[in-house]
Amino acid sequence: MFKKAIEAKSHQRLSGADRKKLKRTIRDRFHRASDADIDALLPPKAEITVSKFVNRVHLYGVEGSFPMFFDVDGRGSEIFPTVFALWKVPEMLPSFILKGGEVSRFVIGGADLMFPGISIPAEGLPSFLEGEPWAVKVPGNPAPIAVGSTTMSTAEALKAGLRGKALRITHYYRDLLWESVEGHYVPNAGFLEDVVFEDPVFLSSAQVPDSREGSGDSSNHENDGVDSKEVGESADVKDPISDSHPTSKTQLDSDTDIVEQVTKAIGGLKVTDNIAADESTTVVEEQHTLSAEDLDAYLDKCLLQALHTTVNDKDLPMPGSTLWSNHVLPCRPSGITLDIKKSSHKKLSKWLQAKSSSGLISVKEDKYKKETVLFSVNRSHPDYLSFKPERRQEQKVDQGGDQAVKETRSPKLLEVSEIYKPSVHVNPIFAFVGADTGKLYSASEASDVVFKYIEKGHLVKPMNKSIVVLDPTLCDALFKGAIKKGSAYPTEIHKKDLGSTFVSRMQAHYIVTRGSESVVRKGSVRTIQILTERRQGNKKVTKLSGMETFLMDADALASELQKKFACSTSVSELPGKKGHEVLIQGGVIDDLARHLVEQYGVPKRYIEVLDKTKK
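Residues numbered from 1 in each chain as written. Predicted model: local features only at pLDDT ≥ 70, side-chain atom pairs only at ≥ 80, totals over all residues. Heavy atoms only, no water.

You'll find the chain entered in an unreviewed UniProt entry as Eukaryotic translation initiation factor 2D-like, with Populus euphratica given as the organism.

This is the structure we're talking about:
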């Protein structure tokens, strides 16, 4: 299940109704778990989050802490506890005990569990049905190392002579789920102190030689990815550290040192629950309230820092929103919130115009997109020359709090960039200059390609440097199929028109980035539609659609708007189209548009508003 790295396509908090539904599903599927056990894993007052993956897996956990359950198909029918949950409530699932610690080497390597590797108790094989969730334990350790579902019932297993696959493993110790959590959730692992970490998993992996010699006579189960004799009978190895393996002793000593280091490191963790949330709250509370003058000074400082470090001339022209979100905001000092509305300029466009008037930068307003665009930077300006950029050092203190603040802000940061893919018309130009025709280019990068072609072909008119003479290849790239039959093809083009004409002959794409999630789609950017109309009883309703374009989840947004506007909301699928529609009771068309702009960073030009209630 977690053998390959898969990125989550969305992260969201569960509503109250969904929390109750999740707990009810867990209670029905795991009869061994009491209400107290479930509350220990999913505390009633803690925020529960769900991460949805492209392979339909849903991962549930406490916000800022460990994931506790995962749903294989996203429907609740195949939900399993994670290894972390079983460490907290070990008896939540019935467990198979391995014959020896050596077998665990294969289980945590991704192999399914075979019947010959299970230690059968004196009273006989326990009773189970096909498809039941079971855990796997190693001898002498109460902490399970894997979870999975049975492949057959007890009767079928006995009929097969206890041969074949017993448990299809879905999650195990040290898989990619473990590794991802180990990198992000360890600061909250306070309960790990109660777990015995003299782990036979480490000891067994140190004792089993890397070579698989002697397994050639075993019956091979190709579908299992490992021989059943290796998994089922490796416990019979009497002396894995033998004379035939002179390096095994050295390997054992080095791995034993690793065990001691891991045990010491994890045993020293004494962090209370929800520390990430506490630290993030502390960080927010410690943020300073700045005056308009102080905020103006910080804005200028962050702009100069960005111009020195991250803003390159080759990326220009650049939309003002991109400059703000990708360059200015990352340069702000720790603990400082930059709110352009609280500055003396009030608006981003006015601030950029003021910097343009001082000669530091050159900006121009795009009449079509209604956005201020940065065109050039005056790197000989006195303010630019006198400014000394700071070196950004990684914060080693309060990493948990900073990460928590970053995670709470990331869903609000949005970037929409228009990009272009070479088409059959312009492919010869890209091939001539050695550019990749399979890549996606920004408008400025595409313009660089055609100007590079002009430079190599010496196509600039000698008597007028602003005019480009068209050769057959460039003329076809710009105008073939666009000129009516019988009309003459142009022989020259002005430089200022060349870039836009060349880009218009490419395939339009756009990339939307929100936090760590990013998608690339073909075509032009689809707008969000907000419609208000009257229903029976002269009541107003507001419809919202197209939010998926900007990576917003319809269900989460409906729940948020329900609380914000104190009204009922519902979500339905659009007929014949991809996407959903959020229905909001009441005429909140203006407030809704403002909320999308301020809270989700959606540019106004991508929001279409239609009020049918006005005559």
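Undergrad: Please explain the nonpolar core as it appears in this structure.
TA: Nonpolar side chains tend toward joint burial in soluble globular proteins. Within the largest apolar cluster, 32 residues are counted, with the highest numbers of intra-cluster contacts made by L22, I26, F30, L41, L42, F69 and M92. Listed by contribution, the elements that provide at least two residues to this core are α1 (16-29), α2 (35-41), β2 (48-53), β3 (58-62), β4 (67-71), β5 (79-81) and α3 (83-88). Among the nonpolar cores identified, the runner-up in size contains 29 residues, and I530, L544, F565 and L596 belong to it. (Core = buried A, V, L, I, M, F, W, Y, C linked by side-chain atoms within 4.5 Å. Buried < 20%, exposed > 50% of the residue type's maximum accessible area, 1.4 Å probe, protein only. Helix = DSSP H or I, 4+ residues; strand = E, 2+ residues; numbered from the N terminus.)

Undergrad: Explanation requested: the pattern of salt bridges in the structure shown.
TA: As a working rule, side chains carrying opposite charge can pair if their charged atoms are close by. This structure, assessed with the given rule, holds 12 salt bridges. A salt bridge links D35 to R27, with the nearest nitrogen and oxygen atoms 2.8 Å apart. By relative accessible area, which is 45% here, D35 ends up partly exposed. R27 gets classed as partly exposed once you look at its relative accessible area, which sits at 35%. A salt bridge links D591 to R594, with the nearest nitrogen and oxygen atoms 2.9 Å apart. Taken together, the residues D591 and R594, both in helix α21 (residues 589-600) and 3 residues apart, mark about one turn of the helix. According to the relative accessible area criterion, D591 is partly exposed, its value standing at 36%. Look at the salt bridges and you will find they share partners, linking E533, R535 and K543 into a network. (Salt bridge = Lys/Arg side-chain N within 4 Å of Asp/Glu carboxyl O.)

Undergrad: Looking at this structure, I do not really get the sheet that holds strand β12 (residues 361-366). What am I missing?
TA: Strand pairing in a sheet relies on backbone hydrogen bonds, with the paired strands running either antiparallel or parallel. Taken in spatial order, the 3 strands make up an open sheet running β11-β13-β12, and their pairing is antiparallel. Two strands close off the open sheet at either side, each with one partner strand: β11 (318-319) and β12. In the packing of helix α13 (residues 348-357) onto the sheet, contacts are made with β12 and β13 (371-377), and the angle to β12 comes to roughly 140°. (Pairing = 2+ DSSP bridges. Contact = heavy atoms within 4.5 Å. Axes fitted to C-alpha atoms, helices over the stretch in contact; angles between N-to-C directions.)

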